[in-house]
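# Topology and contacts: notes
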Amino acid sequence: MQLEQSTLTTHVAEPPVTGKRETFFYDNAIVSNFAIATIIWGVVGMLGGLYVAFELVFPKVLNVGPWFNFGRLRPLHTNAVIFAFVGNGIFMGYYYSIQRLLKSRMWSDKLSKIHFWGWQAIIVAAAITLPLGITTSKEYAELEWPIDIAITVIWVIFGWNMFATILKRRERHLYVAVWFYIATFITVAVLHVVNSIEIPVSFFKSYPVYAGVQDALVQWWYGHNAVAFFLTTPYLGLMYYFMPKAANRPVYSYKLSIIHFWALIFLYIWAGPHHLLYTALPNWAQSLGIVFSFMLIFPSWGGMINGLLTLRGAWDKVRDDVILKFMVVAVTAYGMATFEGPMLSLKTINAVSHFTDWTIAHVHVGGLGWNGMLTFGILYWLIPRIFKTELYSKKLANFHFWIATLGILFWVIPMYWAGFMQSFMWKQFTPSGQLKYQFLETVTFMKPFYAVRGFGGLLFVTGAIVMMYNLFKTIAKGKIVANEQAEAPALVGAYTRHKGEHWHRWIERKPTPLFIATLIVILIGGAVEMIPTFMIKSNVPTIASVKPYTPLELQGRDIYVREGCYLCHSQMVRPFRSETERYGEYSKAGEFIYDHPFQWGSKRTGPDLAREGTGNLKKSNAWHFNHLDDPQSISTGSVMPAYSFLIDDVLDTTTTAAKIRAMQKLGVPYPAGYDKTANQDLVKQADGIAVDLKANGIKVKSDKEIIAVIAYLQRLGTDVTKNKVVVENK
Amino acid sequence: MSVLIVLVIVSVIVAGCFLAAFIWSVRKGQYDDDYAPSVRILFDDTVSTEDKNPN
């Protein structure tokens, strides 16, 4: 033995490069916490989705106002599935994998715990504030400013703990998954901060500093990258760890993963404007968005192919292993969604798909397929491991797989079909050149499809509940290994670059330069798109007749925001004949310069309202009153919730002065000192509307919220029709 | 709309640099040894299946 040892050492030319063997412990408790949160919030978020889906089928029964109206619950569903289900899913997989990839326990258990409880507190705050109508109306960034600050703090704590762990790691090489986590942390931080810059009016209300077209660009720069850096990059990181682990094979091509990573983070940040094609956004920004969105197909498919080919020669395992089945469907769904994304970014296809339920189908291929199925696969793999037991029932897991897969099909196929039909009905003309369909006809046409979609959702949720039962049974029969013992040599000495080595190897070993490089790459993309729009005034031609909202209209607009009207009604007439015939003149950037926040919306479950106060679209105050009170009594077959509570609720005019002052700070030209007299104007305008309503047989006091909403709706679009002269800013 | 031209130029330069770097790295065979890490993650360093006190 002695001899063997010495013979061995004589053969080794260089001194050992590894340090002393160290014993340490992986923290599985934090993984378990996030896993349980993922399961519970997943079921809650999906049930919320199911509820809002059926609100479109049974609007009169399910819209229990005001808290359970579609406009308030839909953001709750989206926030719950994105930030609560997927968010906790990210952190579950992240805490499990990063400790093992870096061969180190997390730097601080305390920070891990603050991260966990802070994140849950934010979710609870969202679940309370959104049904109360406390919202910024920016999709997937609806939470108001105090919660925005809390998100920033918790996010920084998550990043701080991550970088500190990277610095004390025992593995020099940063595996591709770690890069994805780093990119996720940095980009989400930048996106969240930039999109959440707002001026507080009160503790529960703020206005974004951006207005109109600029607000729209920032929002969709954020919105698209929320998809990119919250739903995609962290999940790719998880895929690169858990899929090889589950298949017990290395990833198909490590080289491809490196290229795919850099290409993906570089391209994604530019794609946001594809959400605003044919809108009042400057054309160059739209074109830029299209080009980069299209290019995205390459890195996206690089990731999908890398995932699927990891199973090359091991497809027999997929037959038996339910975990791999979930992962295969997930990666396939990722491939489909990322093929469809670039296609939908093409103007010709976007002209058909935008504002329809096609978009909703598209995001659910990604949400249910990619995020949902991958999360389920990871949960089934991870729970038995950290609880040192077998899965309670493989049969139930198989049942879950099939019912979830069927659920996705029942969900998306009717919605693709319906979205397509919806668009063509909007655009259809009769031989004599009239629009063939009333908007309401498209709504009633959609109802059976909404019902089948709801059934698909029911199947998917059922699967998730079965999983919850199965995993909780597994947890109950096992015992958690809270601290899992591991051994690895410490890192010693500074790394010296050896001859002929690729530069990339250097950056792979250095978290700080990697952090900076990622940040620079991301910021270049964002800055190039946004700075010119802000700086070059010619991008937003001013229209002389566009004036700030009156105090009553401003209050009415804030109620419109509170009730989430933008979730079904767009305010953006695109330059198509089918739209200008239906809604009037197409929208111009200069119309929105006082809109904090913009209300362009992203889908038309109801008709566009940009020109609601003009031309053929103009209705009487009494019509609006009756329609808000009971939409179905005016429009048979409408799916709109009733807003009769606006008739009872008194408008809070104590906020008017603060709102006027905030608007003045943002550059809206109210006269100096107007905050003191604004309420007098408000009362005068409200009295006028109440008198008109009375003349039409409706008795309502002028201090009710409904008066303000009517005032706002009657104002929409009127500025432009007053004076059509567009003045280019010199 | 001069900003449009600027943006196209910037985008083309950035994309071009990226493509050049990619072709260069493939030709130089720089990624040839980027294989081992993908295998190494499959091995666990766990020595015990029992719950242990970290102290």
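Residues numbered from 1 in each chain as written. Chains lettered and ligands numbered in written order. Predicted model: local features only at pLDDT ≥ 70, side-chain atom pairs only at ≥ 80, totals over all residues.

Right, let's talk about the overall build of chain B for a bit. Scanning chain B from terminus to terminus reveals 2 helices and 1 strand. Ordered by position from the N terminus, the helices and strands of chain B form the series α-α-β. Out of the 55 residues in chain B, the part that is buried amounts to 7%. (Helix = DSSP H or I, 4+ residues; strand = E, 2+ residues; numbered from the N terminus. Buried ≥ 20, exposed ≤ 12 C-beta atoms within 10 Å, placed from the backbone.)

This brings us to the overall build of chain A. Within chain A one finds 28 helices and 6 strands. The buried share of chain A, taken over its 730 residues, is 54%. Of the contacts made within chain A by residues no fewer than 6 positions apart, 84% connect residues no fewer than 24 positions apart. (Contact = placed C-beta atoms within 7 Å.)

Time to look at the nonpolar core. All names here are of chain A. Ranked by size, the top nonpolar core spans 206 residues in total, and within it Y95, F326, M327, A330, Y380 and V709 carry the most contacts. Counting residues per element, this core draws most heavily on helix α8 (residues 212–247), at 23 residues. Residues contacting V709, with those up to four places away along its chain left out, are G556, I559, Y560, L628 and L646. (Core = buried A, V, L, I, M, F, W, Y, C linked by C-beta atoms within 7 Å.)

What follows concerns the confidence of the model for chain A. All names here are of chain A. Looking at chain A, pLDDT values average 90 and 90% of them are 70 or higher. The low-confidence segment residues 1–16 (pLDDT under 50) makes 0 contacts with residues lying over four places distant or belonging to another chain. The low-confidence segment residues 725–730, where pLDDT is below 50, has 14 contacts with residues more than four positions distant or belonging to other chains. (pLDDT = per-residue confidence, 0-100.)

Residues and elements named next belong to chain A. Following both chains from N to C, one finds helix α22 (residues 621–629) and helix α27 (residues 705–715) inclined at 125 degrees, their axes separated by 10 Å at the closest point. Comparing the axis directions of α22 and α27 gives the class oblique. Judged by the sense of rotation from one axis to the other, the crossing of α22 with α27 is right-handed. Contact residues: α22 offers N621, H624, F625 and L628, while α27 offers I706, V709, I710 and L713. Considering only residue class, the contact of α22 with α27 consists of 6 nonpolar, 2 polar and no charged. (Axes fitted to C-alpha atoms, helices over the stretch in contact; angles between N-to-C directions. Parallel < 35°, antiparallel > 145°, perpendicular 65-115°, else oblique. Left-handed = near helix turned anticlockwise from the far one by under 90°. Nonpolar A, V, L, I, M, F, W, Y, C, P; charged D, E, K, R; others polar.)

Turning our attention to the environment of V188(A). Residues and elements named next belong to chain A. For V188, the location among the structural elements is in helix α7 (residues 176–195). The spatial distance from the C-alpha of V188 to the C-alpha of R604 is 28 Å, given a sequence separation of 416 residues. Those residues in contact with V188, other than ones at most four positions away along the chain, are W155, F229 and F230.

Residues and elements named next belong to chain A. With 29 residues, helix α15 (residues 358–386) should reach 42 Å at 1.5 Å per residue; the first-to-last C-alpha distance of 40 Å fits that figure. Bending of α15 peaks at approximately 30 degrees at the position of G372. Counting buried residues in α15 gives 25 out of 29 residues, a clear majority hidden from the surface. K388 sits one or two residues past α15 and shows a positive phi near 45 degrees. (Expected span 1.5 Å × (residues − 1). Bend = angle between axes of the 7 residues up to and from the residue.)

All right, on to the environment of K479(A) then. Note on placement: K479(A) falls in the loop between α17 (439–477) and β4 (483–491). Each C-alpha atom, one on K479(A) and one on K388(A), is 6.5 Å from the other, the two residues being 91 residues apart in sequence.

Our next topic: the packing of helix α6 (residues 145–167) of chain A against α7(A). Residues and elements named next belong to chain A. Where α6 meets α7, the axes come as close as 11 Å, and the angle between the chain directions of the two elements is 155 degrees. Relative to α7, the element α6 is oriented roughly antiparallel. Seen along the crossing, α6 lies across α7 with a hand that is left-handed. Seen from α6, the contacting residues are I151, T152, W155, F158, G159 and M162; seen from α7, they are Y181, F185, V188, A189, H192 and V193. Broken down by class, the residue content of the contact of α6 with α7 amounts to 9 nonpolar, 3 polar and no charged.

Before going further, it helps to spend a moment on the pairing of strand β2 (residues 198–202) of chain A. All names here are of chain A. Relative to strand β3 (residues 205–208), β2 is paired through 4 bridges, and the arrangement is antiparallel. Counterpart to E198 in the pairing with β3 is P208. Adjacent in sequence and paired antiparallel, β2 and β3 are bridged by 2 residues. (Pairing = 2+ DSSP bridges.)

Another point: the confidence of the model for chain B. In low-pLDDT segments, the atomic positions of the prediction should not be examined closely. All names here are of chain B. Scored by pLDDT, chain B comes out at a mean of 59, with 25% of its residues at no less than 70. By mean pLDDT, helix α1 (residues 2–27) is the weakest element of chain B at 49, and helix α2 (residues 36–40) is the strongest at 85. Residue range residues 1–8 is modelled with pLDDT below 50. Its contacts to residues more than four positions away, or to other chains, number 8 contacts. Taken together, the chains of this predicted complex give a pTM of 0.88 and an interface ipTM of 0.73.

Okay, α22(A) next. Along α22(A), the positions that sit buried rather than exposed are N621(A), H624(A), F625(A), H627(A) and L628(A). Buried positions along α22(A) lie against α23 (631–634), α24 (645–648), α26 (674–695) and α27 of chain A.

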